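# What the coordinates show
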Amino acid sequence: MTEHFTGSFTQQEPIPEAGIEAAIAVMRHGRLHRYNTVEGELSETALLEQEFAAEVGAQYCLAVASGGYAMATALRAVGVQAGDKVLSNAFTLAPVPGAIASLGAVPVFVGVTESLTIDLDDLEGKLDQAKVLLLSHMRGHICDMDRLMAMCNAAGVTVVEDCAHTMGAAWNGVASGRHGAIGCYSCQTYKHVNSGEGGFLVTDDPHLAAKAVMLSGSYMLFERHLAAPPKEAFDDIKYHTPNISGRMDNLRAAILRPQIADIATQCQRWNDRYYAIEDGLRDTPGLTVIDRPKAETIVGSSIQFLLLDWAASAVREVISRCGARGVELKWFGAAEPVAFTSRYDSWRYAPSKPMAASDRVLAGIVDMRVPLTFSLEDCALIARIIRDEVTRINNRMTA
């Protein structure tokens, strides 16, 4: 009998009861705005910032409206202006080049390797083109951060990390987001904590932190933050930094605080599911599993594999046949953007030149969410379905 999977690839776990109760308390008192507090009260947002800073080992943290807003604010804080070039990944999601373009800056795309990380050799040849790298740890794959930081530091290139897919991950024991000048994270529903939308920005630099707080729309209420620099850090910037409002509110912060407290447990649960799927896919003819380096501590909230050098029609057939059996796969090789999948040449607001080696990798990337609502048995079933359909089509191609 042909096996089918009947679960949902978009269903999240419920918000923790502690978050629901805290959110109800905020709604009952009505003080949703982060600066709307009564005498002696610490806002949920300020407490969340303090707790997330401690979680990743940062001096300063700012909670904002989205991960995309965090990236754009980080770029503004490090001095990116209209017309500037900013290095970034060719393999990423649209909000990353979108953050660059929102400032009137120009993305310079850097290639992707078969490990799905930024191509450090390609980056090395482009470091003289920009002063800032917006590095996307796309789909949770972390490159050799020791080599990357050595290269960028030597070239005087400031690194801003997009950690939308790596909250809880690390490279050589250093938390993702803590290698560069600023780390940015997302709290959007399909990330590692869920407030619908939301984001964080972390840094150890008091000047950058102060600029980010002012940019987010603190007015002159920056002293109400618990994870911001002392008021002296604001003296030189508070009259010159524009207010580009993008604050997080207390309702979302209340929902997030218990999730942040439980992030290590959740990451382990994701990894259990990731490795169950990976084990089931290994040694499938025609399919390349992405081996993860020992230095990388992963968070397996999604999984990718490669169908390298397959015809587009064959990849589409795998996706279609798996879909008919309940397994929802996405493909980053399609010529036209579909849902959240798109390629560097899809973003017509950003100039690009073909990159043959990267185009070959992109044409083979198949992507799948791994929700925590899946059981380990679900993951084994999903792997069997993918293995079956890939093997079927691969055997036909090689017959």
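My aim in this report is to walk through the structure given alongside it, one point at a time. (Residues numbered from 1 in each chain as written. Predicted model: local features only at pLDDT ≥ 70, side-chain atom pairs only at ≥ 80, totals over all residues. Heavy atoms only, no water.)

### With respect to the overall build of the protein chain
Our working definition: Strands here mean DSSP runs of E at least two residues long; helices mean DSSP runs of H or I at least four residues long; both are numbered from the N terminus. Taken over C-alpha atoms, the radius of gyration is set against a globule rule of 2.2 Å times the number of residues to the power 0.38. Classification of residues uses two cut-offs on accessible area relative to the type maximum, computed with a 1.4 Å probe and protein chains only: under 20% is buried, over 50% is exposed, and between them is partly exposed. Whether two residues are in contact is decided by their heavy atoms: any pair within 4.5 Å suffices.
When helices and strands are tallied, the protein chain shows 12 helices and 14 strands. Relative to a compact globule of 399 residues, whose C-alpha radius of gyration would be 21 Å, the protein chain shows 22 Å and is just as compact. Dimensions along the principal axes, computed over C-alpha positions, put the protein chain at roughly 75 × 50 × 35 Å. Split into buried and exposed, the 399 residues of the protein chain put 54% on the buried side. For the protein chain, long-range pairs separated by at least 24 residues make up 72% of all intrachain contacts whose partners lie at least 6 apart in sequence.

### Let's talk about the sheet that holds strand E11 (residues 296-297)
Applicable threshold: By definition, two strands form a pair when at least two bridges between them are found by DSSP.
Strand order in the open sheet formed by 3 strands is E7-E6-E11, and the pairing between neighbours is antiparallel. Both edges of this open sheet fall to strand E7 (174-175) and E11, since each of them pairs with a single strand only. In this sheet, E11 lies alongside strand E6 (residues 170-171) in antiparallel orientation, the contact comprising 2 bridges. Each residue of the ladder has a partner; that of Trp-171, found in E11, is Glu-296.

### With respect to a nonpolar patch on the surface
The following threshold applies: A patch consists of residues exposed above 30% relative accessible area that lack any salt bridge, with like charges linked at up to 9 Å and nonpolar side chains (Val, Leu, Ile, Met, Phe, Trp, Tyr) linked at up to 5 Å. Note that accessible areas follow from Shrake-Rupley with a 1.4 Å probe, and for residues the cover is restricted to the protein chains shown. The working definition used for a salt bridge is a side-chain nitrogen of Lys or Arg within 4 Å of a carboxyl oxygen of Asp or Glu.
Side chains of Ile-20, Ile-24 and Met-27 sit close together on the surface and give an oily, nonpolar patch of about 240 Å² of accessible area. Among the secondary structure elements, Ile-20 is positioned in helix H1 (residues 17-29). Among the residues examined, Ile-20 registers a relative accessible area of 32% and is labelled partly exposed.

### Some details on the packing of helix H10 (residues 312-324) against helix H12 (residues 376-398)
Threshold: Only C-alpha atoms enter the line fits that serve as axes; for helices the fit covers just the stretch in contact. Angles between N-to-C directions range over 0 to 180 degrees. Crossing handedness follows the turn of the near helix against the far one: under a right angle anticlockwise gives a left-handed crossing, and clockwise gives a right-handed one. Each residue receives one of three labels: charged for Asp, Glu, Lys and Arg, nonpolar for Ala, Val, Leu, Ile, Met, Phe, Trp, Tyr, Cys and Pro, and polar for the others, Gly being one of them.
Relative to each other, H10 and H12 sit at 145°, their axes nearing to 9 Å. The hand of the H10/H12 crossing is right-handed. Here Ala-314, Glu-317, Val-318, Arg-321 and Cys-322 of H10 come into contact with H12, specifically with Ile-385, Ile-386, Glu-389, Val-390, Arg-392, Ile-393, Arg-396 and Met-397. Residues that form the contact of H10 with H12 fall into these classes: 8 nonpolar, no polar and 5 charged.

### So, the layout of surface pockets
Gaps left between atoms show up when a probe the size of a water molecule is rolled over them. Note the following rule: Grid points spaced at 1 Å and placed over the protein atoms alone form the basis of the search, with a cavity being a set where a 1.4 Å probe fits but cannot get out and a pocket an open set showing protein on both sides within 12 Å along at least five of seven lines. Lining residues have an atom within 4 Å of a point. Grid points are joined across faces, edges and corners, and a volume is the space filled by probe spheres set on the points.
In this model, the largest pocket occupies a volume close to 570 Å³. In terms of lining residues, the largest pocket is bounded by 32 residues, among which Leu-93, Arg-139, His-165, Gln-188 and Lys-191 are the most central. Counting residues per element, the ones that place at least two in the lining of the largest pocket are helix H3 (67-77), helix H4 (95-101) and strand E8 (182-186). Its residues assigned to classes, the lining of the largest pocket comprises 15 nonpolar, 12 polar and 5 charged.

### Concerning the environment of Leu-48
Looking at the element boundaries, Leu-48 is found in helix H2 (residues 44-56). Linking Leu-48 and Arg-252, residues 204 residues apart in sequence, is a C-alpha distance of 9.8 Å.

### Thoughts on the pairing of strand E4 (residues 132-136)
Keep this limit in mind: A clockwise course of the path from the first strand over the helix to the second, judged with the strands pointing away from the viewer, identifies a crossover as right-handed.
Of all the 5 residues making up E4, 5 are buried; the element is thus mostly covered by neighbouring parts of the structure. Residue alternation in E4 divides its side chains into two sets, Val-132, Leu-134 and Ser-136 and Leu-133 and Leu-135, and both sets are buried. Where strand E2 (residues 85-89) meets E4, 2 bridges bridge the pair, whose relative direction is parallel. Counterpart to Leu-87 in the pairing with E4 is Leu-133. Relative to strand E5 (residues 158-162), E4 runs parallel, the two being bridged by 5 bridges. Residue pairing across strands places Ser-136 opposite Asp-162, the latter belonging to E5. Since E4 and E5 lie parallel, the crossover through helix H6 (residues 145-155) that links them has a hand, and here it is right-handed.

### Quick notes on a negative patch on the surface
Counted only if it meets this: We treat Lys and Arg as the positive residues and Asp and Glu as the negative residues; His and chain ends play no part in the count. Charge placement uses NZ in Lys and CZ in Arg. For Asp and Glu, CG and CD serve respectively.
Residues Glu-223, Glu-232, Asp-235 and Asp-236 make up a contiguous surface patch of negative charge. On the secondary structure map, Asp-235 appears in the loop between helix H7 (206-216) and helix H8 (250-261). With a relative accessible area of 43%, Asp-235 lands in the partly exposed category.

### Considering the side chain of Gln-304
What counts here: Polar contact is the term for a pair of N or O atoms within 3.5 Å; when the atoms are in protein, one must be able to donate a hydrogen and the other to accept it, and sequence-neighboring residues count only if both atoms are side-chain atoms.
When you line up the elements, Gln-304 lands in strand E12 (residues 302-306). Only 2.9 Å separates the side chain of Gln-304 from the side chain of Ser-302, close enough to count as a polar contact. Among residues more than four places away in sequence, those in contact with Gln-304 are Leu-116, Arg-139, His-141, Ile-290, Ile-365, Val-366 and Asp-367.

### Some details on the nonpolar core
Here is the rule we go by: What we call a nonpolar core is a set of buried Ala, Val, Leu, Ile, Met, Phe, Trp, Tyr and Cys residues that are connected through their side-chain atoms within 4.5 Å.
Counting 45 residues, the largest nonpolar core has Phe-52, Leu-123, Leu-133, Leu-148 and Phe-200 as its most contacted members. The next biggest cluster of nonpolar side chains, apart from the first, holds 33 residues, and it includes Trp-331, Phe-374, Ile-382 and Ile-393.

### Side note on the sheet that holds strand E13 (residues 330-331)
Reading across from one edge, E10-E12-E14-E13 is the order of the 4 strands in this open sheet, with antiparallel pairing throughout. In this open sheet, the two strands that pair with only one neighbour each are strand E10 (288-289) and E13. The sheet contact formed by E12 and strand E14 (residues 365-369) spans 5 bridges and is antiparallel. Residue pairing in the sheet places Phe-305 in a bridge with Val-366 of E14. Most of the contacts of helix H9 (residues 263-281) go to E12, to which it runs at about 20°, and overall it touches E10, E12 and E14.

### A word on H8
As a reminder, the rule being used: Expected span of a helix: the number of residues minus one, times 1.5 Å.
Relative to the 16 Å expected for 12 residues at 1.5 Å per residue, H8 spans 17 Å between its end C-alpha atoms, a close match to the ideal helical length. Contacts made by the buried residues of H8 are with H1, H2, strand E9 (199-203) and H9. With a side-chain oxygen lying 3.0 Å from the backbone nitrogen of Leu-251, the N-terminal cap of H8 falls on Asp-249.

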